[in-house]
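For reference, the chains in residue letters:
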Amino acid sequence: MRGQIQFLTDLGLWISSLDQRVARSLSGDLQSPRTPEGVVPLAEEHLSLTFGKKVNRISKIRSISVFATTPQEPATMARAKSASPSFGSLFSGCGGFDLGFVQAGFRCAGAFDLDPVAVENHNKNLGSRAIAWDLRNGLPKDMLTGVDVLVAGPPCQGFSLAGGRRMNDPRNQLLPLAATIAATIRPQVFVAENVAGSKSGDHKSYWESLLGIMKEAGYATREFTCVGTDYGVPQLRKRCLVVAWRTNKNLPDLNGCSAGGVLRDVLGNLDGVSNHDPVQLEPDSRIAKIARRLRPGQKLCNVRQGSRSVHTWDIPEVFGRTNARERQVLEALIRTRRRRRVRSSGDADPVPIDVLDADLGFPAAPFLQTLKTKGFVRERDSLFDLVHTFNGKFRRLEWQRPSYTVDTRFGDPRYFLHPSEERGFSAREAARIQGFPDSFVFSGPTKAQFRMIGNAVPPPMGRAVADFVRLALND
Ligand SMILES: C[S@@+](CC[C@H](N)C(=O)[O-])C[C@H]1O[C@@H](n2cnc3c(N)ncnc32)[C@H](O)[C@@H]1O
């Protein structure tokens, strides 16, 4: 059977859709079996093939991916359409969002992401629909035409409150770009998701640009904020969604689907499960010494007080000894640096010595000198501050609570610690907290596995969104 063949280069260059002449000229160099016609074998799979001289001559590239789809009779397609609506996915990652749509009965017509490892994982787990592609070039010609739904999860790093939030981070442009592509494809429904930071401060202009493009294209829009704990995962992950539709349907509110539970609910029975290779900390390492001082619910943090923050001066075996008076000065610094604000950025400022003296009721000067020598305090322009803030590092999670947001650093014990073992989390543990089933197997370097898992929309959240989106589709 012969179907549509499309050639995409690994450099993100579109060559051609069905062009039998080109296909035949390439076939002589294909490192794969040939069909009787002498062209690319047609199957529902994604092949990576290396070509020889002929291709080099045509396009100055070294390798090409061939994406082949088996054609269907019109009647079969119509039946499939009514039974299972189709969706396309932009910035698909390994397919967390997409898995939710598939679980809800949608059919993936194509998924696009720049990262070849994510694409490989998508294809292995979701049935060979993903293509490595730089969406700054728009979609490859004729792709995703006629899909019922388009979903998009553009990168969030430029918006994340945990990152630098550079207003002119080029990745921010990918949010409105998703809408531009949607306005061209014109699905019945378009869904985009991002972090809460994409709707705050000046960065909101990118989100508003996306909304403007969809409204201009004749779509109604609604916005929602979803928290993982209301969508079946034990995680405080918050995501903002826009649903845009052009079907004249009335949409209700998007409400949570089920309680997410706590860490204990998802981290049992892990022996022998794929992607679960826990790495214990070296007992004599600096990280292990810090980790041993942290109980569940605590973090290493010099800039907050209270039982949940452990300070560096509470861990003398790593950071050095201090006396009681020095610790009083350090505590006074924590209080006063946030009380007396000068700059408009950040949440604290360095402190002049008279403010410290007044807070302490004794002269801070001699102790500030020794604390400087010991590396706890720094001085600039006669203002004093803590050397290490450490806010947000070494958080030890709790069995009886949901997890913090699983981000791309979740496997790093310097950020997140297992509730009861001296180690960070395995990729499978991260995937469980994200609601991936164990049957979804991650491949590639460990760092890439955590990147894909941390980037993903939790599949149960994706599924709830898919069920909601179905309400907007024409019958
Ligand atoms: C937040 S992640 C998407 C996660 C995905 N929605 C999921 O649920 O698994 C953003 C993705 O955008 C991809 N990306 C970044 N720049 C891109 C570009 N120019 N073209 C295509 N994909 C890009 C990244 O590789 C990353 O996988």
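Refer to the structure printed above.
The rules behind the values
Residues numbered from 1 in each chain as written. Predicted model: local features only at pLDDT ≥ 70, side-chain atom pairs only at ≥ 80, totals over all residues. Helix = DSSP H or I, 4+ residues; strand = E, 2+ residues; numbered from the N terminus. Buried ≥ 20, exposed ≤ 12 C-beta atoms within 10 Å, placed from the backbone. Contact = placed C-beta atoms within 7 Å. Near = placed C-beta within 6 Å. Nonpolar A, V, L, I, M, F, W, Y, C, P; charged D, E, K, R; others polar. Pairing = 2+ DSSP bridges. Axes fitted to C-alpha atoms, helices over the stretch in contact; angles between N-to-C directions. Core = buried A, V, L, I, M, F, W, Y, C linked by C-beta atoms within 7 Å. Expected span 1.5 Å × (residues − 1).

Peer 1: How should I be thinking about the overall build of the chain in this particular structure?
Peer 2: Of the regular secondary structure elements, the chain holds 16 helices and 18 strands. Burial statistics for the chain: of 475 residues in total, 42% are counted as buried. Partitioning the intrachain contacts of the chain with sequence separation of at least 6 by distance along the chain shows that 65% fall at a separation of at least 24.

Peer 1: Looking at this structure, how should I read the site of the ligand?
Peer 2: Near the ligand there are 22 residues, and of these Phe91, Gly93, Gly96, Gly153 and Ala456 occur at the shortest range. Breaking the shell around the ligand down by element, the ones donating at least two residues are α4 (96-103) and β6 (107-113). Taken together, the residues of the shell around the ligand break down into 12 nonpolar, six polar and four charged.

Peer 1: Any chance you could explain the sheet that holds strand β11 (residues 238-245) here in plain terms?
Peer 2: Consider a sheet: its strands pair through backbone hydrogen bonds, and that pairing is either parallel or antiparallel. Judged by pairing direction, the sheet is mixed, and its seven strands sit side by side in the order β7-β6-β5-β8-β9-β11-β10 without closing on themselves. Either end of the sheet is taken by a strand with one partner, and the two such strands are β7 (130-132) and β10 (220-227). Across the sheet, the mean angle from the axis of one strand to that of its neighbour is 15°, orientation sign disregarded. Bridge count for β6 against β7 is three bridges, and the pairing is parallel.

Peer 1: Is there a simple way to explain unusual backbone geometry in this structure?
Peer 2: Trans peptide bonds make up most of the peptide bonds, and negative phi angles are found at most residues other than glycine. A positive phi is found at Asp381, a non-glycine position, where the angle reads about 50°. Within the secondary structure layout, Asp381 lies in the loop between β15 (377-380) and β16 (383-386). Residue classification places Asp381 among the exposed positions, given that 6 C-beta atoms sit within 10 Å. You will see that Phe390, though not glycine, has its phi angle at about 60°, which is positive. Following the sequence through the fold, Phe390 ends up in the loop between β16 and β17 (395-396). Under the C-beta neighbour-count criterion, Phe390 is labelled buried, with 20 such atoms within 10 Å.

Peer 1: Please clarify how the sheet that holds strand β14 (residues 351-352) should be interpreted in this entry.
Peer 2: Read across the sheet, three strands follow the order β14-β16-β15 without closing on themselves; strand pairing throughout is antiparallel. Looking at which strands have only one partner, the edges of the open sheet turn out to be β14 and β15. Across the sheet, helix α11 (residues 324-339) touches β14 and β16, and the angle it forms with β16 is around 110°. The strands touched by helix α13 (residues 365-374) within the sheet are β15 and β16, with β15 carrying the most contacts at an inclination of about 110°.

Peer 1: I keep staring at the nonpolar core and nothing clicks. Help me out?
Peer 2: Looking at soluble globular proteins, one finds that nonpolar side chains tend to be buried together. If you look at the biggest cluster of nonpolar residues, it comprises 93 residues, and the most contacted ones within it are Leu150, Ala178 and Leu210. Once residues lying within four places of it in the same chain are set aside, the contact partners of Leu150 are Phe87, Gly88, Leu90, Leu144, Ala182, Ile185, Pro187 and Phe190. By size, the runner-up hydrophobic cluster in this structure holds 16 residues, among which are Trp313, Leu330, Leu333 and Leu356.

Peer 1: What am I meant to see in helix α16 (residues 459-470) here?
Peer 2: In an α-helix there are 3.6 residues to a turn, and that puts residues three or four apart on one side. Counted at 1.5 Å a residue, the expected span for α16 with its 12 residues is 16 Å, and the 16 Å between its end C-alpha atoms agrees. Summarising burial for α16: 10 of the 12 residues are buried, a large majority.

Peer 1: Which parts of the structure should I look at to understand helix α6 (residues 174-185)?
Peer 2: Given a rise of 1.5 Å per residue, 12 residues ought to cover 16 Å, and the 16 Å separating the end C-alpha atoms of α6 matches this to within 8%. Listed in full, the buried residues belonging to α6 are Leu174, Leu175, Pro176, Leu177, Ala178, Ala179, Ile181 and Ala182. Of the surrounding elements, those touching the buried residues of α6 are β5 (86-90), β8 (149-152), β9 (189-195) and α7 (204-216). Following α6 by one or two positions, Arg186 has its phi on the positive side, about 55°.

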